[in-house]
Amino acid sequence: MPNPNSQWYPYTKVQEGFFDLSDTDEISRKIMDYLLDMPDGNGYVPKEDNTYPRTRLWKYLYYDGARPTDNKLPTPAQKKAVLFNPDKAEKPTEKGWRLIPQIYIKPAQENAQTRIYCYLGRPIAENDFTMQLSVVLDIWTHYIQESNTKLNEAYSRSWAILQCLIQAFHGVNMSGVGTFYFNRSKHPDCGAEPLSDKDSNIGYRLTMGIEVKSTTLNGNEENNEVTIGNGLFAG
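Residues numbered from 1 in each chain as written. Predicted model: local features only at pLDDT ≥ 70, side-chain atom pairs only at ≥ 80, totals over all residues. Heavy atoms only, no water.

## Brief notes about the nonpolar core
Counting residues in each nonpolar core, the largest one holds 37 residues, and the members touching the most others are Ile31, Leu99, Leu165 and Phe169. Of all elements in the fold, only helix H1 (27-36), helix H2 (53-62), strand S3 (115-120), strand S5 (130-142), helix H6 (157-169) and strand S9 (201-213) reach the threshold of two or more residues within this core. Setting aside anything within four residues of it in sequence, one finds Leu165 in contact with Leu35, Leu57, Ile116, Leu137, Ile139, Leu206 and Met208. Core analysis: the next-biggest nonpolar cluster, separate from the first, contains 8 residues, Phe84, Ala89, Ile100 and Leu195 among them. (Core = buried A, V, L, I, M, F, W, Y, C linked by side-chain atoms within 4.5 Å. Buried < 20%, exposed > 50% of the residue type's maximum accessible area, 1.4 Å probe, protein only. Helix = DSSP H or I, 4+ residues; strand = E, 2+ residues; numbered from the N terminus. Contact = heavy atoms within 4.5 Å.)

Right under this line is the structure:
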């Protein structure tokens, strides 16, 4: 007899493990928070050191001229000003929207600027208890800005950003999300590929994976409430 208090009523849940992806819609925003690299209440302050990948990333992303890594790290206010604000989508700051937690926005495509889009890609069902998610980071820059980073030297701004992103994410366990990996044997979309709109913009698409474990049931709860099994976003 089906339990009327069950969240699956009028059907019976016969498999203990299941996927609860109710919080995965927040992954893109959490990634943006990580990339913003802001000071926090625990005493953390971003380092003015070009060996740090997020420091280099911000200089390539924010400064359009030659030798961007010679500039100062953008301030928290400058960083926040280029993070896409959906409430003011049609009113970007002078620098435009450069860090965008979705697949596309029109204003950023109309201005010559470097930018990163972040969104979820394909989920791959590995088995009944493990799912592999993918996170896609599209790096775009104007063709004029692509090779101007070191004066007259042939140099790729978008490839430099790609390298910074891999270094910043690979092997990092993000609390509440999971551990990022760059392994095609775990997710077939992992990798990078060149991008071009055949007009003014070129860049790269970087795809990284996150392992998601299944949630399990409270075995003796008559309403079949859920508990964390191996970890909702364990990596």
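## Here's the deal with the pairing of strand S7 (residues 178-181)
Note: strand S6 (residues 173-174) against S7, 2 bridges, orientation antiparallel. By the bridge assignment for S7, Asn173 is matched with Thr179. The hairpin turn running from S6 into S7, its antiparallel successor, is 3 residues long, and Gly176 in that turn takes a positive phi close to 85°. Pairing analysis gives 2 bridges linking S7 to S9, with the strands arranged antiparallel. Among the inter-strand pairings, Tyr181 is bridged to a residue of S9, identified as Gly209. (Pairing = 2+ DSSP bridges.)

## A short note on unusual backbone geometry
Unlike most non-glycine residues, Asp37 shows phi in positive territory, near 55°. Its location among the elements puts Asp37 in the loop between H1 and H2. Of note in this structure, Lys198 is not a glycine but carries a positive phi near 60°. Note on Lys198: relative accessible area 77%, which makes it exposed.

## Comments concerning the confidence of the model for the chain
Caution is warranted with low-pLDDT regions, since their predicted coordinates should not be read in detail. Put simply, the chain has an average pLDDT of 83, and 83% of its residues get 70 or more. Taken as a whole, residues 223-235 scores under 50 in pLDDT and shows 51 contacts with residues more than four places along the chain or in a different chain. (pLDDT = per-residue confidence, 0-100.)

## Looking at H1
Residues of H1 that are buried include every one of Ile27, Ser28, Ile31, Met32, Leu35 and Leu36, and no others. Two residues or fewer after H1 comes Asp37, characterised by a positive phi angle close to 55°.

## Details of the pattern of salt bridges
Under the counting rule described, the total for this entry stands at 6 salt bridges. Across the salt bridge formed by Arg122 and Asp189, the nearest N and O atoms sit 2.8 Å from each other. You can see Arg122 sitting in the loop between S3 and strand S4 (124-125) and its partner Asp189 sitting in the loop between S7 and strand S8 (191-196), a full 67 residues away along the chain. Arg122 gets classed as partly exposed once you look at its relative accessible area, which sits at 43%. (Salt bridge = Lys/Arg side-chain N within 4 Å of Asp/Glu carboxyl O.)

## Here we look at H2
Extensive coverage of H2 is indicated by the burial of 10 of its 10 residues. Turning to H2, its buried residues number three or more, namely Pro53, Arg54, Thr55, Arg56, Leu57, Trp58, Lys59, Tyr60, Leu61 and Tyr62.

## Some thoughts on the side chain of His187
Inspection of the secondary structure assignment puts His187 in the loop between S7 and S8. Ignoring anything within four residues of it in the chain, the contact list for His187 reads Arg122, Ile124, Gln132, Leu133, Ser134 and Tyr181.

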